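Report on the structure
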Amino acid sequence: MPVASDDILTDGLFKVLFEKSPGSILVKADLPVFTIAAVSDAYLQITSVKREKVIGKSFFDVFPEDKDNPDDENTARKVFTRAIDTGDKIDVPVYRYDIRNPRTGKFEEHYWSCSNTPIRGAGNSVEYILNTVVDISGEVKAKEAAIESENRLLLAAEATGLAIWDLAIPPTHFSYSPQLVTLFGHQPGTRISLSSLRNQVHPDDVPNILVRSYQEALEGGQYDYEARIFWPDNSLHWIRMKGVVLYNNKKRPHRMLGTVVDITESKRDDIRKNDFIAMASHELKTPLTSLKAYVQLLETKLSDAGDPFIKTALSKSLNQVNKMTALVHSFLDLSRLEPGKLQLKRSVFDINKMIEECINDSRMITGSHALVFKPGDPQNVNADREKIGQVVSNLISNAIKYSPKGSTVTITSGIADKDCVEVSVADHGIGIKAKDQEKIFQRFFRVDDDDKKHISGFGIGLYLSNEIIQRHKGKLWVKSAPNKGSIFSFSLPLANV
Ligand code: ADP
């Protein structure tokens, strides 16, 4: 502990040094007066007082005590007294003491951080207290503003039913807004861990959705998925997670921030809609099958009738029935896309043979385009033959639909890299603008151009195809330029990998 010599205050050098020191005031330990013995220029400036008005005065005449908070242990009087009693330096990291602004004459909110060092005299008793203060009003106000803006954000999020979360990468730290707890069916205020939340996710959605989305987020910077969760009462709910990845200065992902919202109601609506579509398409299938059988029967019976009109009329009817059957099937598939509903019936087959069959079927339906197949070597895939056939037929029928009559559609197959086969369908049609190329794989999306209004469709073919390919762990993509044509390609893992 510092010791003051008796003549310390008459030493000119000490005086100069003290007066130039940062916010300091030297107070005598003459309880209860606490006479001010010396004060630095900086202290005078931050407290807006004049030296001649403070030296020799009681500290509490200059800085009146706040009598409203008798229990506050951090008041100057209590802190000075404690420093004298214990002989220890006492720090007060933050306290509020308002200062009158000399220009306006009004008191202004101020926050301070101070330390109080007892200084012993020759007789070893505490003679002075050195009080050093720093004005930390700026820091405190900035922190308050940050807390206020965070609170405002939390309130807004809560009002819209959103929960906010923050996850470190790797997941060593996880924090969340209170709403998250109730979104997962717990009582407000319950403490939950990341692993307990994960345990609530439907077991099928953990590998397919959670793990996949996390990996995709690390690669692409965006986190977005829908998943099913079980509440503690065992009821099933749907949530939507959205987030972004933040990177450190080494450009490595180090945090993920995002929101969760309960989408159970809209999912239930979706499921009801899907169930309706499934039921309606199923009901339509039976009359269509019998209609097709009768038209085929009529075709055979009347093939020798010699009336060319009947022949063409029946063949056209059969085409329309086939088109409608394909449509009804795609609606049925659409309704089965809910997780767990689209079952793949895998078998090992040569993809080239299957493509040939699809091309032949398409030739039967339309003769307006030249369909050219350029197969690579035979390649076996382990996939759902019917569903992959549906994808190829859909790409061919789109190529025909969106390109001029008489033009050529070229289908190619071959090895892309050592583990995958790649199939492409190229046309010389109207093409797709860059801004629409991402969207065409979304459900019900159709390009909204005047020149395409007359081309019929529901915007489900590519969505379905993409889902089917993704569930085979393959990829579907497009390269296209307006008025030049499009190349739709997909890749599939080979059977032996
Ligand atoms: P639909 O053809 O029934 O509208 P799809 O899901 O098959 O639905 O296709 C979505 C949209 O993508 C189409 O509406 C069309 O605008 C565009 N599209 C698909 N294939 C092609 C193609 N080969 N050329 C140009 N546009 C295409």
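Structural notes, computed from the coordinates. Think of each chain on its own: its residues are numbered from 1, step by step along the sequence as written. Local features in a predicted model are, by the rule used here, given only for residues with pLDDT of at least 70; side-chain atom pairs are given and counted only at 80 or more, and totals for whole chains, interfaces and linings are based on all residues. Excluded from the side-chain calculations are hydrogens and water; all other atoms, namely the structure's heavy atoms, are used.

Take the site of the ligand next. It suffices for a single heavy atom of a residue to lie within 4 Å of a molecule or strand for the residue to be listed as near it. Lining the immediate surroundings of the ligand are 20 residues, of which N398, Y402, D427, R446 and L462 lie closest. Between a nitrogen atom of the ligand and a side-chain N or O atom of D427, the distance comes to 2.9 Å. Pairs of N or O atoms within 3.5 Å make up the polar contacts considered here, provided that, within protein, one atom can donate a hydrogen while the other can accept it, and that residues adjacent in sequence are counted only when both atoms are side-chain atoms. Within the backbone of V447, a nitrogen or oxygen atom sits 3.4 Å from an oxygen atom of the ligand. What sets the accessible areas is the Shrake-Rupley method with a 1.4 Å probe; for residues, cover comes only from the shown protein chains. When the ligand is considered free in solution it has 540 Å² of accessible area, and contact with the protein chains removes 97% of it. The helix count covers DSSP runs of H or I at least four residues long, the strand count covers runs of E at least two residues long, and both are numbered beginning at the N terminus. Taken together, the elements giving at least two residues each to the shell around the ligand come down to α13 (385-401), α15 (461-471) and β19 (485-493). It is α13 that contributes the most residues to the shell around the ligand, 3 residues altogether. Here the shell around the ligand is built from residues that sort into 11 nonpolar, 6 polar and 3 charged. Under the scheme applied, nonpolar residues are Ala, Val, Leu, Ile, Met, Phe, Trp, Tyr, Cys and Pro; charged residues are Asp, Glu, Lys and Arg; polar residues are all the others, including Gly.

This next bit is on the sheet that holds β19. The strand order across the open sheet formed by 5 strands is β14-β16-β17-β19-β18, and the pairing between neighbours is mixed. Two strands bound the open sheet, and with one partner strand each, they are β14 (370-374) and β18 (475-481). Geometrically, the sheet is characterised by an average inter-axis angle of 15 degrees between neighbouring strands, direction not taken into account. Strands were regarded as paired on the criterion that DSSP finds at least two bridges between them. Where β14 and strand β16 (residues 408-417) come together, 5 bridges link them in parallel fashion. Bridging from a neighbouring strand, K374 pairs with T412 of β16. The sheet contacts of helix α12 (residues 351-365) involve β14, β16, β17 (420-426) and β19, and relative to β14 the element is tilted by about 175 degrees. Here an axis means a line fitted to C-alpha atoms, over the contact stretch when the element is a helix, while the angle between two N-to-C directions is reported on a 0 to 180 degree scale. Whether two residues are in contact is decided by their heavy atoms, any of which lying within 4.5 Å being enough.

On to the pairing of strand β11 (residues 236-247). Pairing between strand β10 (residues 222-230) and β11: 9 bridges, direction antiparallel. For Y223, the partnering residue across the bridge sits in β11 and is G243. Across 9 bridges, β11 lies against strand β12 (residues 253-262) in antiparallel orientation. Paired with K242 across the two strands is T259, which belongs to β12. With antiparallel pairing between neighbouring strands as the criterion, β11 and β12 make up a hairpin whose turn holds 5 residues, including K251 at a positive phi of roughly 65 degrees.

This paragraph deals with the sheet that holds strand β8 (residues 163-168). The strand order β9-β8-β12-β11-β10 describes an open sheet built from 5 strands, whose pairing is antiparallel. Both outer strands of the open sheet, β9 (174-176) and β10, are each paired with one neighbouring strand and no more. Strand-to-strand twist in this sheet, taken as the mean axis angle between neighbours without regard to direction, amounts to 20 degrees. This element, helix α9 (residues 205-220), spans β8, β10, β11 and β12 of the sheet and lies at about 165 degrees to β10.

What follows deals with the packing of α13 against α15. At a closest axis distance of 10 Å, the pairing of α13 and α15 adopts a crossing angle of 145 degrees. Once α13 is placed against α15, the crossing between them reads as left-handed. Contacts between α13 and α15 involve K387, I388, Q390, V391, N394, L395 and N398 on the former and, on the latter, G461, L462, L464, S465, I468 and I469. Across the contact of α13 with α15, the residue classes break down as 7 nonpolar, 5 polar and 1 charged. Left-handed describes a crossing whose near helix is turned anticlockwise from the far helix by less than a right angle; the clockwise case is right-handed.

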